[in-house]
Amino acid sequence: KVRAVGVCNCQIRHLETLLQDVEVKPMLNQIEVSPYITQEELVKYCQDKEIRVEAWSPFGSGTTNVLKDDLLKEIGEKHGKNSGQVVLRWLYQRGVCSLAKSSKEERMRGNLDIFDFELSEEEMSKISGLNKDQSSVGDGMPGDSIA
């Protein structure tokens, strides 16, 4: 018997269809979320349906240059953190878990060092305001090509 289901790149229309036909609703929707692709509506929908959101590519896979954003650097300097830590804290405070990839041990440790500071409401809002609906994997939003 299935006890847990996770999905990936499901937009609201996909989840609505899925939820009509299943006995076990998804526990997790893994979607691309970063300051440049905030997916506010989808994150809220999932949270309202008690579906956990996991952000893949929170740093934009290096293709979006999100970690070089001046606002993130400025906020990081204020808190004694780097841009990546600011992004991970922003996700955490939004209730989004993250899947931050790194092959360097120092960065892995840094990615865990986000619990000794808090972003203000103004900082959270400014970071969310960076949204460009810019995916790290090409044109459009992830999941758009899925019927």
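Cut-off values and rules
Residues numbered from 1 in each chain as written. Predicted model: local features only at pLDDT ≥ 70, side-chain atom pairs only at ≥ 80, totals over all residues. Heavy atoms only, no water. Pairing = 2+ DSSP bridges. Helix = DSSP H or I, 4+ residues; strand = E, 2+ residues; numbered from the N terminus. Axes fitted to C-alpha atoms, helices over the stretch in contact; angles between N-to-C directions. Contact = heavy atoms within 4.5 Å. Buried < 20%, exposed > 50% of the residue type's maximum accessible area, 1.4 Å probe, protein only. Salt bridge = Lys/Arg side-chain N within 4 Å of Asp/Glu carboxyl O.

Peer 1: What am I meant to see in the sheet that holds strand β4 (residues 97–99) here?
Peer 2: Note on sheets: strands pair through backbone hydrogen bonds, and any given pair is parallel or antiparallel. Here we have four strands laid out as an open sheet, ordered β1-β2-β3-β4, and parallel in their pairing. Every other strand in the sheet has two partners, leaving β1 (6–8) and β4 as the edge strands with one partner each. Direction aside, the axes of adjacent strands within the sheet are offset by 25° on average. Of the strand pairs in this sheet, β1 and strand β2 (residues 28–32) are connected by three bridges, and their pairing is parallel. Looking across to β2, one finds that Gly 6 is bridged to Leu 28. Across the sheet, helix α2 (residues 40–48) lies against β2 and β3 (52–56), angled at about 170° from β2, the strand it touches most.

Peer 1: Can you walk me through the side chain of Thr 38 in this structure?
Peer 2: Structurally, Thr 38 can be placed in the loop between β2 and α2. Under the relative-accessibility criterion, Thr 38 is labelled buried at 2%. Beyond its immediate stretch of four places on either side in the chain, Thr 38 contacts Val 33, Val 43, Trp 90, Arg 94, Ser 128 and Asn 131.

Peer 1: Teacher, can you tell me more about the environment of Arg 89 here?
Peer 2: Along the chain, the position of Arg 89 falls in helix α4 (residues 83–93). Take Arg 89: its relative accessible area is 7%, and that puts it in the buried class. For Arg 89 and Leu 130, which are 41 residues apart along the polypeptide, the C-alpha to C-alpha distance reads 15 Å. With sequence-adjacent residues up to four places away left out, Arg 89 is seen in contact with Ile 114, Phe 115, Phe 117, Glu 118 and Leu 119.

Peer 1: How should the side chain of Ser 34 be read in this particular structure?
Peer 2: The topology assignment puts Ser 34 in the loop between β2 and α2. Relative accessible area serves as the criterion here: at 1%, Ser 34 is assigned to the buried category. Ser 34 has contacts with Ser 57, Pro 58 and Trp 90, leaving out every residue within four places of it along the chain.

Peer 1: How should I be thinking about the pattern of salt bridges in this particular structure?
Peer 2: A side chain of one charge can pair with a side chain of the opposite charge when the charged atoms of the two come close. For the structure on display, the rule yields eight salt bridges. Among the salt bridges present, the one from Asp 48 reaches Lys 44, with a minimum N-O distance of 2.8 Å. Separated by four residues within a single helix, Asp 48 and Lys 44 lie in helix α2, roughly one turn from each other. With a shortest N-O distance of 3.4 Å, Lys 126 and Glu 122 are connected by a salt bridge. With Lys 126 and Glu 122 both in helix α6 (residues 121–128) and four residues apart, this pair spans about one turn of that helix. What makes Lys 126 partly exposed here is its relative accessible area of 41%. With relative accessibility at 54%, the residue Glu 122 sits in the exposed group. Through salt bridges with shared partners, a single ionic network connects Lys 81, Asp 113 and Asp 116.

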